Amino acid sequence: MSMLDWLKRKKQTSRAIERFWRVVLVSALDEELHRTDARFGIDVFWKAFLSNRTGYRMGVPVVPLRELYDGCRVAIEKKGGE
């Protein structure tokens, strides 16, 4: 069963699938929900959100990603990377 089919079976709305599940699972599994086996999606959800008491916490940047990761770029360049 695909992860998309499993989410629909669990009565997740199209909006919840698109705005939450797809964002989390496609980024974690690098595959679309209709082509992902449900066991892999459930495993990601379990490990990310249920494996510890603070797993539900999520961060959302309030600055552009370029600005957020600029410190990483500087550190990499200092070591000769690009």
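Please read these numbers as outputs of a predicted model, since none were measured by experiment.

Caption draft 1: Geometry of a nonpolar patch on the surface. On the surface, a nonpolar cluster with roughly 310 Å² of combined accessible area is contributed by L65, L68 and Y69. Residue class for L68 comes out partly exposed when judged on its relative accessible area of 41%.

Caption draft 2: Examining the confidence of the model for the chain more closely. Of all residues in the chain, 100% attain a pLDDT of 70 or more, and the chain-wide mean is 92. Per-element mean pLDDT across the chain ranges from 86 in helix α4 (residues 65-68) up to 98 in helix α1 (residues 3-9).

Caption draft 3: Quick peek at the nonpolar core. Of all hydrophobic cores here, the largest spans eleven residues; its members are M3, L7, I17, W21, V24, L25, V26, L33, A38, V44 and F49. No other element matches helix α2 (residues 14-29), which puts five residues into this core. Not counting residues up to four positions away in its chain, the partners in contact with V24 are F49 and M58.

Caption draft 4: Expanded view of α2. Between its terminal C-alpha atoms α2 stretches only 20 Å, short of the 22 Å expected from 16 residues at 1.5 Å a residue. At W21, α2 is bent by approximately 45 degrees, the largest bend along its length. Buried residues of α2: I17, W21, V24, L25 and V26, and no others. Turning to α2, the residues buried within the fold contact α1 and α3 (38-50). D30 sits one or two residues past α2 and shows a positive phi near 55 degrees.

Caption draft 5: Up close: the side chain of T36. Relative to the helices and strands, T36 is located in the loop between α2 and α3. Reaching out from T36, the side chain makes a polar contact with the backbone oxygen of E32 at a distance of 2.8 Å. Those residues in contact with T36 that sit more than four places away from it in its chain are M1, S2, M3, L29, E31 and G41.

Caption draft 6: Just the packing of aromatic side chains, in detail. Evaluated as defined, the whole model comprises four aromatic pairs. Measuring from centroid to centroid gives 5.8 Å for F20 and F49, while their planes differ by 45 degrees, and the two rings are tilted. Taken together, the positions of F20 in helix α2 and F49 in helix α3 put the pair 29 residues apart, joining distant regions of the chain. The buried category is assigned to F49, whose relative accessible area is 14%. When the ring of F45 is compared with that of F49, the centres are 5.2 Å apart and the planes differ by 40 degrees; the resulting orientation is tilted. Pair noted here: F45 and F49 are both in helix α3, with a separation of four residues, about one helical turn. Ring pairing ties together the aromatic residues F20, W21, F45 and F49, which thus form one cluster.

Reading the values: the criteria
Position numbers for residues count from 1 along each chain, tracking the sequence in the order it is written. Local features in a predicted model are, by the rule used here, given only for residues with pLDDT of at least 70; side-chain atom pairs are given and counted only at 80 or more, and totals for whole chains, interfaces and linings are based on all residues. The side-chain quantities take in all heavy atoms of the structure and omit both hydrogens and water. Patch criteria: residues need more than 30% relative accessible area and no salt bridge. Like-charged residues are merged within 9 Å; nonpolar side chains of Val, Leu, Ile, Met, Phe, Trp and Tyr are merged within 5 Å. Using the Shrake-Rupley algorithm and a 1.4 Å probe, accessible areas are obtained, with residue cover drawn only from the displayed protein chains. Any carboxyl oxygen of Asp or Glu within 4 Å of a side-chain nitrogen of Lys or Arg constitutes a salt bridge here. Accessible area is worked out with a 1.4 Å probe on protein chains only. A residue is then buried under 20% of its type maximum, exposed over 50%, and partly exposed in between. The predictor's confidence in any single residue is recorded as pLDDT, a number from 0 to 100. Note on conventions: DSSP H or I runs of at least 4 residues are helices, E runs of at least 2 residues are strands, and numbering of each starts at the N terminus. For the purposes of this section, nonpolar cores are sets of buried Ala, Val, Leu, Ile, Met, Phe, Trp, Tyr and Cys residues that join through side-chain atoms within 4.5 Å. Every residue pair with non-hydrogen atoms within 4.5 Å of one another is taken to be in contact. Take the residue count of a helix, subtract one, and multiply by 1.5 Å to get its expected span. A residue's bend is the angle separating two fitted axes: one through the seven residues that end there, the other through the seven that start there. Two N or O atoms form a polar contact when they lie within 3.5 Å of each other; inside protein one atom must be a possible hydrogen donor and the other a possible acceptor, and for residues adjacent in sequence the pair counts only when both atoms belong to side chains. Two aromatic rings, drawn from Phe, Tyr or Trp (for Trp, its six-membered ring), form a pair once their centres lie within 6.5 Å of each other, and the interplanar angle then sorts them: stacked below 30 degrees, edge-to-face above 60, tilted otherwise.

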